[in-house]
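Next come the chains, spelled out residue by residue.
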Amino acid sequence: MAHAMSTGSGVVLDLIRAGIATRPALIDELGWSRITLARRLDELLHAGIIVVAGQSDSRGGRPAESFALNKDAGLLLSVDIGGSHTRVAITDLVSTILIEDQAEIGLWEGPDTVFTWANQVFDYLLRGLGKSRADVRGIGVGVPGPVDAATGRLAAPQIDAQWNDVLVKDHFPQDYSAIFAVDRDVNVMAVAESRLGWPEHRDLTVLKVGLGIGCALVLDGRVYRGSRGGAGDFSHSFRHGTELCSCGQRGCLEAVASGYAIRRELNALGYRIRTTGDIVALSRMGSPDAVRLLSAAGAEIGHALVDVAGLLNPALIVIGGQLAEAGDPYLSSLREALLARVRAFSGTGLTVEPSRLGNKAGVLGASLIAQDALFDADRISHLTRS
Ligand SMILES: [Zn+2]
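Values in this document were obtained by computation on a predicted structure and should not be read as measured data.

Participant: Where do I start with the packing of helix α2 (residues 23-30) against helix α3 (residues 34-46) in this structure?
Facilitator: Geometrically, a packed helix pair is captured by the angle between its two axes and the distance between the axes. In contact at an axis separation of 10 Å, α2 and α3 are set at 115 degrees when each is read in the N-to-C sense. Regarding the angle of α2 to α3, the classification is roughly perpendicular. Two packed elements cross with a definite hand, and for α2 against α3 that hand is right-handed. Here R23, L26, I27 and L30 of α2 lie close against α3, whose contacting residues are R34, L37, A38 and L41. Split by residue class, the contact of α2 with α3 holds 6 nonpolar, no polar and 2 charged.

Participant: Please clarify how the pattern of salt bridges should be interpreted in this entry.
Facilitator: Once their charged atoms are close, side chains differing in charge can pair, the charge on each being opposite to the other. Per the counting criterion, the structure on display carries 18 salt bridges. With a closest N to O distance of 3.8 Å, D80 and K208 form a salt bridge. You can see D80 sitting in strand β3 (residues 75-81) and its partner K208 sitting in strand β8 (residues 204-209), a full 128 residues away along the chain. Residue D80 shares its accessibility class with K208, and that shared class is buried. A salt bridge links K208 to D185, with the shortest nitrogen-to-oxygen separation between them at 3.0 Å. Highlighted residues: K208 in strand β8 and D185 in helix α5 (residues 185-197), separated in sequence by 23 residues. The buried category is assigned to K208, whose relative accessible area is 15%.

Participant: Would you take a moment to explain helix α4 (residues 110-128) for this structure?
Facilitator: Every α-helix winds through 3.6 residues per turn, so residues three or four apart in the chain are directed the same way. The first and last C-alpha atoms of α4 sit 27 Å apart over 19 residues, in line with the 27 Å expected at 1.5 Å per residue. G110, P111, V114, F115, W117, A118, N119, V121, F122, L125 and L126 are the residues of α4 that are buried. Among the residues trailing α4, G130 stands out with phi positive, at a value near 70 degrees.

Participant: Hey, could you run me through the coordination of the zinc ion in this one?
Facilitator: Six octahedral donors around a metal ideally subtend angles of 90 or 180 degrees, whereas four tetrahedral donors ideally subtend 109.5 degrees. Distances from the zinc ion to its protein donors, H236 (ND1), C245 (SG), C247 (SG) and C252 (SG), fall at 2.0 to 2.3 Å. Around the zinc ion sit 4 donor atoms; with metal-centred angles ranging over 102 to 124 degrees, the donor geometry is tetrahedral. For the zinc ion, all donor residues lie on one chain, and their spacing in sequence is H-x8-C-x1-C-x4-C. Residue H236 is located in the loop between β10 (222-224) and α6 (253-257), and its partner C252 is located in the loop between β10 and α6; the two are separated by 16 residues in the primary sequence.

Participant: Sorry if this is basic, but what is going on with the sheet that holds strand β12 (residues 351-354) here?
Facilitator: The strands making up a sheet are joined through hydrogen bonds of the backbone, oriented either antiparallel or parallel. With respect to topology, 5 strands assemble into an open sheet ordered β10-β9-β8-β11-β12, the strand pairing being mixed. Since the sheet does not close on itself, it has two edges, and those belong to β10 and β12, each with one partner. Each strand axis lies, on average, 30 degrees off the axis of its neighbour in the sheet, ignoring direction. In this sheet, β12 lies alongside strand β11 (residues 316-320) in parallel orientation, the contact comprising 4 bridges. Looking across to β12, one finds that I317 is bridged to V352. Of the strands in this sheet, β8, β9 (213-219), β10 and β11 touch α5, which is tilted by about 130 degrees from β8.

Participant: When you look at the nonpolar core in this model, what are you seeing that I'm missing?
Facilitator: If you look at soluble globular proteins, the nonpolar side chains tend to sit buried side by side. In this structure, F234, I301, L305, I319, Y330 and L338 are the most contacted members of the largest nonpolar core, which totals 36 residues. Counting residues per element, the ones that place at least two in this core are β8, β9, α6, α7 (259-268), α8 (276-284), α9 (288-312), β11 and α10 (330-341). Once residues within four sequence positions are removed from consideration, L338 is found in contact with G302, L305, V306, A309, I317, L350 and V352. Counting 33 residues, the second-largest nonpolar core is a separate cluster that includes L75, L77, L126 and V166.

Participant: Explain the environment of L69 to me, please; I cannot follow it from the model alone.
Facilitator: Take L69: it is sitting in strand β2 (residues 64-69). Separated by 24 residues in sequence, L69 and L93 have C-alpha atoms that sit 7.9 Å apart. Setting aside residues no more than four positions away along its own chain, L69 makes contact with L13, I16, R17, I49, I50, V51, L93, V94, Q371 and F375.

Participant: How should helix α1 (residues 9-17) be read in this particular structure?
Facilitator: Most of α1 sits inside the fold, with 7 of its 9 residues counted as buried. Those residues of α1 lying buried are S9, G10, V11, V12, L13, L15 and I16. Directly beyond the C-terminal end of α1, a positive phi value near 95 degrees is found at G19.

Participant: Where do I start with the packing of aromatic side chains in this structure?
Facilitator: Describing an aromatic ring pair means giving the distance of the ring centres and the angle of the ring planes. Under the criterion given, the structure shown has 5 aromatic pairs. Between the aromatic rings of F172 and F180, the centroid separation amounts to 5.4 Å while the plane-to-plane angle is 70 degrees, which identifies the pairing as edge-to-face. F180 shares its class with F172; the two are buried. Here the aromatic cluster, defined as three or more aromatic residues joined through ring pairs, consists of F115, W163, F172, Y176 and F180.

Rules and cut-offs
Residues numbered from 1 in each chain as written. Predicted model: local features only at pLDDT ≥ 70, side-chain atom pairs only at ≥ 80, totals over all residues. Heavy atoms only, no water. Axes fitted to C-alpha atoms, helices over the stretch in contact; angles between N-to-C directions. Helix = DSSP H or I, 4+ residues; strand = E, 2+ residues; numbered from the N terminus. Parallel < 35°, antiparallel > 145°, perpendicular 65-115°, else oblique. Left-handed = near helix turned anticlockwise from the far one by under 90°. Contact = heavy atoms within 4.5 Å. Nonpolar A, V, L, I, M, F, W, Y, C, P; charged D, E, K, R; others polar. Salt bridge = Lys/Arg side-chain N within 4 Å of Asp/Glu carboxyl O. Buried < 20%, exposed > 50% of the residue type's maximum accessible area, 1.4 Å probe, protein only. Expected span 1.5 Å × (residues − 1). Donors = N, O, S within 2.8 Å, 3.2 Å for Na, K, Ca; no water. Tetrahedral: all angles 85-135°; square planar, octahedral: opposite > 155°, others 65-115°. Pairing = 2+ DSSP bridges. Core = buried A, V, L, I, M, F, W, Y, C linked by side-chain atoms within 4.5 Å. Phe/Tyr/Trp six-rings, centres within 6.5 Å; stacked < 30°, edge-to-face > 60°.

Right under this line is the structure:
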């Protein structure tokens, strides 16, 4: 049993958040005495962290009281920063979106511009909800590069030097007394895809296709971050050619098959493309150039994913990010190229699907990591110790 060593209230909260929410079910899971459990539940009720949610009679016989997270005891802010697009949302404490906004501001505008916009919007949205900064308990942010898990600081070098060593907390007003949680954008997206989008799978690979190509690995139900938070970065594997990549090398996957690459090719043909949204719009209008370039890019990514499928044997590859909204033939080319080449063993049962959460995956994931940080078992046990 994972929690056998701890007798803190945080352990009880973890189980309640996972849906194990009645006294009999909690005792079954924890092996504690009724008295110990009652004390821990009282601590959580007293602190306003949980509430009595109702009666559950799933075990038959006398109905058992059930508990739930007190979702209205505060708010979470979430930010999802992309290459050309940033989304923000305010959620309750169980990550239900209450209000949201977005703008065509992204990575290349730099952290000052992105966070100045986000903070102005949050103040406006909080007022709209009749709330203030004092109601905010957690802030989750998906950033466009690897993050040092120990410090919460963006690692260096980032793809744009403006983001080197950025500490997100420094870009928010001092009067927030909230817990911060920060991770790479595609890892954040993968948290939402695995927990909300595809809870039936424990091993999945999540791609974020926008201007760049991001990849996150969910192994046995958890996002695998690697030694420095950079795991899953396969977009700079060498494919072919001499096209210069944003990383300084030539012929990377990102140089030949990303939104940047498609934009470069389209603009060379005389189009005026700025964002991934422009590419999707052109493709939806039936532009043969856009459709051809998207198909070729999809196939290139599919070939690159053969290695990922062979190394990790995921059950599912989720394609999210704004370029995924182009749909077929981009996605079908990707799927066909992968399945045509993957070895029969890894290919058996492997599916490639568009995101179930669509453009909300990032803000939902950012809210979830803030929720996890806020309700971290050790933190809660410490806070509520009586
Ligand atoms: Zn590269």
